[in-house]
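Okay, here's what each chain looks like letter by letter:
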Amino acid sequence: MVADGGYLWSVEKDGTLFRTDKNGAYQQIGEKGLLSEVTLIVAMDAMLYVVENGTLYRTRG
């Protein structure tokens, strides 16, 4: 998990990405299990970066 832009981003054990705000409200982002092979998650300047199977992906947070 990683924090950025007032959110906590977490990749659950099954590969599902969630975003949680400072009030504890959480939201599933994308489809269930989308990031099942993630080895690294980093957030910086409202961008979320993940490495999955050796490939770096970037998305706006």
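Residues numbered from 1 in each chain as written. Predicted model: local features only at pLDDT ≥ 70, side-chain atom pairs only at ≥ 80, totals over all residues. Heavy atoms only, no water.

Turning our attention to the packing of aromatic side chains. According to the stated counting rule, one finds two aromatic pairs in the structure shown. Over the ring of tyrosine 7 we find arginine 19; its NZ or CZ atom is 4.4 Å from the centre of that ring. (Phe/Tyr/Trp six-rings, centres within 6.5 Å; stacked < 30°, edge-to-face > 60°. Lys NZ or Arg CZ within 6 Å of the ring centre and 35° of its normal.)

In this structure, Val2, Trp9, Leu17, Leu35, Ile41, Ala43, Leu48 and Val50 together form the largest nonpolar core, which totals eight residues. At the level of elements, strand S5 (38-44) and strand S6 (47-52) are the ones that each hand at least two residues to this core. Excluding residues within four positions of it along the chain, alanine 43 makes contact with Val2, Ala3, Asp4 and Leu48. (Core = buried A, V, L, I, M, F, W, Y, C linked by side-chain atoms within 4.5 Å. Buried < 20%, exposed > 50% of the residue type's maximum accessible area, 1.4 Å probe, protein only. Helix = DSSP H or I, 4+ residues; strand = E, 2+ residues; numbered from the N terminus. Contact = heavy atoms within 4.5 Å.)

Summarising the model, the protein chain shows a mean pLDDT of 91, and 98% of its residues fall at 70 or more. Between the elements of the protein chain, mean pLDDT differs from a low of 89, seen in strand S7 (residues 55-60), to a high of 95, seen in strand S3 (residues 17-21). (pLDDT = per-residue confidence, 0-100.)

Looking now at the pairing of S5. Bridge analysis of S5 against S6 gives six bridges, and the strand direction is antiparallel. When the sheet's bridge partners are listed, isoleucine 41 is paired in S6 with valine 50. Hairpin connection, S5 to S6: the antiparallel pair is bridged by two residues, and aspartate 45 has positive phi, about 50°. (Pairing = 2+ DSSP bridges.)

A word on the side chain of serine 10. Within the secondary structure, serine 10 sits in strand S2 (residues 7-11). At 2.9 Å, the side chain of serine 10 forms a polar contact with the side chain of glutamate 12. In this structure serine 10 touches Met1, Thr16, Leu17 and Phe18, once residues within four positions along its chain are discounted. (Polar contact = N/O pair within 3.5 Å; in protein donor to acceptor, adjacent residues only side chain to side chain.)

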